[in-house]
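# Remarks on the overall topology
Residue strings, one per chain:
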Amino acid sequence: MLGEFVLKGKTCTVSFAKKKLTFTDLKSADTCEVLVKDILSVEYLEGSCPSVRLHHVVPHTNKRLRMQVCDLYGSECFCQCLADEIKNDLKELTRPRRLLVFVNPKSGHKKGVKIYSSKVAPLLQLSGIYTEVIVTERAGQPKELLATYDLSLIHGIVSVGGDGMFSECVNGLLGRLQCDSHIDMHDPDSEIVASKIPIGIVPAGSGNYLVNYIHGTRDVETAVLKVILGDHHMSNVVSLHQGRQLTCYASLLVEFGLIGNMMHDCEKFRWLGPSRYSVVPISTLARRKRVDVEIEYMPEEPKKRSPMTTSKYLRQVSLPASRYSDRFFRHRLFSMPEDYDSDKKNDWKKIDGRVYGVDTYVVTQKEKEGSLVPRFGDHALTMWVTDKCSIGDHVDQLTKLQKAQSGYLNYDFIRTVRASRYRVKLSSTRTTMNANGERHLDNKFYINADGEAIKLDTPEFEVRLHQCTMPIFGKIDG
């Protein structure tokens, strides 16, 4: 299609082919393009000066995206035809058309509702997306609702809040799918069913670490536009088990020991807002204590090719809701060589020691051009064990970890393991047996799972990787 239009006071020709608009200035012959996949909406405006109004996405600074308005003035025939052509192509795009949105009104500085109404809702409405919005009233509500929700009605879920809110949505959705598929999710040996429904996160919390990993920015508008455009990638989750019972699924990190205690202490000072993560851990670090542990782990398996992106939406079939079923050298990796006997590759390996912590990132970090980039579908977990060290060295290592700087594992007191799953047993901690014959800890220990401090009830817990299980809105570069 070719026609003459007026754009920003300049006369230009517009051609529409191969899913893109090309504007050519008649005087200077300069050209610019707008891809159909970046167009949010198109509208034909009647009147004395007929026009086509486009809302489309453009790159901004620091990995952010912005919406831009483009008005094309031309003849009634050209404008009507151009608008119709673009609308037809937009219909062919695999974008979400119906979303279930959870808004946490208490996230961050209690601005969740305001962020949704002022920044999120207008963009979704402009793009023609139907939304069912639920402002949560209590913790755990997303999980409760997703247990019975008709999943076939939606193309995606959006969490407006922090990492904890996103985690609740992940746990609710995955828990529901295992229930529908009659999978015993409490059994660490179970292969869980992956979701076909993507989840998006709009930052409105204190930390917002996961959204920064996904998009490279904590910008609200960018997060919303990524959901609207519909691109999504497959991400790993891990299951955390205590006493043969599922505690939760985690999609960001699982940290036991010092950092788990730090997170628990930070929760006592939520009124400080995000600043508590800079102040409170100093006190916890000053009181650090080592714990005797025995760790069993399954070495990583040979790398398998896994799809990191999906191109089409698949409706999630909702079955009738039912209840859930009852000293080492730097950089040394405890993984098996390529020629390792295949009959022995499933043997559990064991390490032990008196440590400050046992930590794992579900979204692993890969060094690239001097910085760290996230890997959402890594085929194994990198678990690291922190041995005895001076407090100065420990602060230096934790600072690099906090800032996601390369080399945060390059310390003599850090032992690293590549594994598909692992078990941690507290070997010299006093326990008490209850009426059911189960042993419970006398002392208090905490696990940080996606920003939530979980009290460890049993002297042993297990973490297992489930690769490429959860689709998340947002395109991963490269």
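Anything mentioned here points back to the structure above.
Residues numbered from 1 in each chain as written. Predicted model: local features only at pLDDT ≥ 70, side-chain atom pairs only at ≥ 80, totals over all residues. Heavy atoms only, no water.

## Considerations on helix H7 (residues 258-267)
Just so we agree on the cut-off: The buried label goes to any residue with under 20% of its type's maximum accessible area, the exposed label to any with over 50%, and the partly exposed label to all in between, with areas taken from a 1.4 Å probe on protein chains only. Helix and strand labels come from DSSP, where a helix needs a run of H or I of at least four residues and a strand needs a run of E of at least two; each type is numbered from the N terminus. Any pair of residues with heavy atoms lying within 4.5 Å of one another is described as a contacting pair.
Counted residue by residue, H7 has 7 buried out of 10 residues, so it is predominantly covered. Within the sequence span of H7, burial applies to Leu258, Ile259, Gly260, Met262, Met263, Asp265 and Cys266. Where H7 is buried, its residues contact strand E14 (253-257), helix H8 (276-286), strand E18 (357-361), helix H9 (391-402), strand E25 (446-449) and strand E26 (452-455).

## Notes on a nonpolar patch on the surface
As a reminder of what qualifies: Note that patches include only residues with greater than 30% relative accessible area and no salt bridge, and the join distances are 9 Å for like charges and 5 Å for nonpolar side chains (Val, Leu, Ile, Met, Phe, Trp, Tyr). Only the protein chains shown count as cover for residues, with accessible areas throughout obtained via the Shrake-Rupley method and a probe of 1.4 Å. For this document, the term salt bridge refers to a Lys or Arg side-chain nitrogen within 4 Å of an Asp or Glu carboxyl oxygen.
On the surface, Val113, Val133 and Val135 cluster together to form a nonpolar patch covering roughly 200 Å² of accessible area. Inspection of the secondary structure assignment puts Val113 in helix H2 (residues 112-126).

## A short note on the pairing of strand E4 (residues 31-35)
Our working definition: When DSSP finds two or more bridges between a pair of strands, those strands are recorded as paired.
Bridge count for strand E3 (residues 20-25) against E4 is 5 bridges, and the pairing is antiparallel. Each bridged residue has a counterpart across the sheet, and for Leu21 the counterpart in E4 is Val34.

## Side note on the packing of H7 against H8
For clarity, the threshold we go by: Every axis corresponds to a line fitted to the C-alpha atoms, with the helix fit spanning only the stretch in contact, and the corresponding angles, defined between N-to-C directions, vary from 0 to 180 degrees. Here is the rule for angles: anything less than 35 degrees is roughly parallel, anything more than 145 is roughly antiparallel, 65 through 115 is roughly perpendicular, and the remaining ranges are oblique. Here a crossing is called left-handed whenever its near helix is offset anticlockwise from the far helix by less than a right angle, and right-handed whenever the offset is clockwise. Each residue gets one label: Ala, Val, Leu, Ile, Met, Phe, Trp, Tyr, Cys and Pro are nonpolar, Asp, Glu, Lys and Arg are charged, and the others, such as Gly, are polar.
Running from amino to carboxyl end, H7 crosses H8 at an angle of 125°, the nearest separation of the two axes being 9 Å. Overall, the two elements H7 and H8 adopt an arrangement that is oblique. When you trace H7 past H8, the crossing you get is right-handed. Listed contacts from H8 to Leu258, Asn261, Met262, Met263, Asp265, Cys266 and Glu267 of H7 are Arg276, Tyr277, Val280, Pro281, Thr284 and Leu285. Here the residues of the contact of H7 with H8 sort into 8 nonpolar, 2 polar and 3 charged.

## Notes on the nonpolar core
Stated formally: We define a nonpolar core as any set of buried Ala, Val, Leu, Ile, Met, Phe, Trp, Tyr and Cys residues linked to one another through side-chain atoms lying within 4.5 Å.
Leu100, Phe102, Leu151, Ile157, Leu173, Ile199 and Met470 are the most contacted members of the largest nonpolar core, which totals 50 residues. Elements with a contribution of two residues or more to this core: strand E8 (98-103), helix H4 (163-180), strand E11 (199-203), helix H5 (209-215), strand E13 (245-250), H7, H9 and strand E27 (460-473). Residue contributions to this core peak at 7 residues, all from H4. Sequence-distant contacts of Ile157, that is, excluding residues within four places in its chain, are made with Leu99, Leu100, Phe102, Leu146, Cys169, Leu173, Ile197, Pro198, Ile199, Gly200 and Phe473. With 31 residues, the next largest nonpolar core counts Leu381, Leu426, Phe445 and Ala449 among its residues.

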